Number of protein chains: 2
Amino acid sequence: MGPVDIPDIVVGRLPIYLRALSRMALEGIRVTSSHELGRRLGISSAQIRKDLSHFGEFGKQGTGYHIQFLIEQLRRILKVDHEWEVALVGVGDLGRALAHYNGFRNRGFRISLIFDSDPAKIGGQLNGFEIHDAARLGEMIRARGITLAMVAVPAEAAQKVTDELVQAGVRGILNYAPINLAVPEEVYVQYIDPVVHLQRMTFYV
Amino acid sequence: MGPVDIPDIVVGRLPIYLRALSRMALEGIRVTSSHELGRRLGISSAQIRKDLSHFGEFGKQGTGYHIQFLIEQLRRILKVDHEWEVALVGVGDLGRALAHYNGFRNRGFRISLIFDSDPAKIGGQLNGFEIHDAARLGEMIRARGITLAMVAVPAEAAQKVTDELVQAGVRGILNYAPINLAVPEEVYVQYIDPVVHLQRMTFYV
């Protein structure tokens, strides 16, 4: 079944399921149910069963889901059963935090190419990787065949960096700059902006 | 019109509109249309008009939206027409990046109380604020009447910290720890996990 058949909102929940199942596996749990998983996530068991049914039969009536099997299936579906190389652009506080973040590796990602445009930073080391001149971004990303990038530059620079990333073959961008990016239709952008999340809560609080 | 009447997905788009409009104001633009705003955001103009119509009449047929007026209305609706004090728990790389992030203040938020449980960090300064002992979290948050918090502690500690925050009166939590948090119904949690966002893209890439 191709991506076109699956509602985007369902796709968005799969990483949440994968994260919760991995946590359960870490706790030594081997089998679970849509009820138990739903209770942990605040999602109805019917919703979980419906979401998973888009991709096949993963559980058995009465015995539930084998966690390790379901983890492997979700990794395959999300294409994180192998490790993706990710380029990081921007070595401010946030870029440093991302480079040091140890939550990527076992979950399918590895920052392997780092760029900044500040001469004082270029040539330095970050988490064992050299910080490269952002002027060489296109050339180096293309040579490595990297298709994912994180943008952690100031808002003013984000669109220019994005254009260069797309030109170099990047197809997925995680954008930390607080602006919307214009990209061709075949490029996916996800946004992380703490203020957007906070404002969404203050509406309710 | 109360929050209960507005679909959550509409509420989620308001901060995006506010961010784009603030950007336009910064660029010196004074009037815009749902078409222009939609083009910038990759959202249909009909969707924007429909979303805004939940809250009143903000534009005039033929003349469009006065940006500053619409910004003020959205700030009022999202309750960021005043500044919220936010507590930050966890002073690792990410906590430091958040404390130094200069994108909060003009958008309704100010980190004003910082906690960590590491004796080597307690008593130190971060962005002009003292780092307090996490053991005093409940007492200090309650005394200040703070209702928003960011959790940037390791996954293992996040639920315990969350329970203490909720006990102290916090009603909105921005969670950076890669686990789902159990909270009472009246507490809102938003999640920021770069891996969840990346996995959502690899499905498509």
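Located above this text is the structure these notes cover.
Residues numbered from 1 in each chain as written. Chains lettered and ligands numbered in written order. Predicted model: local features only at pLDDT ≥ 70, side-chain atom pairs only at ≥ 80, totals over all residues. Heavy atoms only, no water.

Asks: I tried to follow the pairing of strand β8 (residues 148–151) of chain A on my own but got confused; where do I start?
Replies: Across a regular strand the side chains alternate sides, sitting on one face of the sheet and then on the other. All names here are of chain A. Going residue by residue along β8, you find Leu148 and Met150 tucked away on one face and Ala149 and Val151 tucked away on the opposite face as well. Summarising the sheet, strand β4 (residues 84–89) and β8 pair through four bridges and their orientation is parallel. From the neighbouring strand, Leu88 faces β8, where its bridge partner is Met150. In this structure, β8 lies alongside strand β9 (residues 172–175), joined through four bridges in parallel fashion. What sits directly across from Ala149, in β9, is Ile173. (Buried < 20%, exposed > 50% of the residue type's maximum accessible area, 1.4 Å probe, protein only. Helix = DSSP H or I, 4+ residues; strand = E, 2+ residues; numbered from the N terminus. Pairing = 2+ DSSP bridges.)

Asks: Looking at this structure, I do not really get the relation of the copies chain A and chain B. What am I missing?
Replies: Both copies of the chain are related through a single rotation about an axis accompanied by a shift along the same axis. Relative to chain B, chain A is turned by 180° and slid 0.0 Å along the rotation axis, the superposed coordinates differing by an RMSD of 0.0 Å. The transformation relating the two chain copies, once decomposed into turn and shift, fits a two-fold axis. Residue by residue, 100% of the interface of chain A is reproduced at the interface of chain B, so both copies engage with the same surface. (Least-squares fit on C-alpha atoms with pLDDT ≥ 70 in both. Contact = heavy atoms within 4.5 Å.)

Asks: Before we go on, may I ask you to explain the interface of chain A and chain B in this structure?
Replies: Put simply, an interface is often sized by how much accessible area is lost when its parts join up. Contacts between the two partners involve 60 residues from chain A and, on the opposite side, 60 residues from chain B. In this assembly, chain A packs against chain B so that about 6000 Å² is buried in total across both faces, 66% of it on carbon and sulfur atoms. One can count six salt bridges joining chain A with chain B. For the salt bridge of Asp193 of chain A with Arg107 of chain B, the shortest nitrogen-to-oxygen distance reads 2.9 Å. Between the two partners, chain A and chain B, sit 22 residue pairs in polar contact (both at pLDDT 80 or more). Only α1 (8–26), α2 (34–41), α5 (93–100), β8, α7 (155–167), β9, β10 (188–191) and α8 (194–202) of chain A provide two or more residues apiece to the side of chain A that touches chain B. For the side of chain A that touches chain B, the residue count by class is 39 nonpolar, 10 polar and 11 charged. (Buried area = accessible area lost by both parts, 1.4 Å probe. Salt bridge = Lys/Arg side-chain N within 4 Å of Asp/Glu carboxyl O. Polar contact = N/O pair within 3.5 Å; in protein donor to acceptor, adjacent residues only side chain to side chain. Nonpolar A, V, L, I, M, F, W, Y, C, P; charged D, E, K, R; others polar.)

So, to be careful, I would describe these as geometric facts and stop short of saying anything about function.
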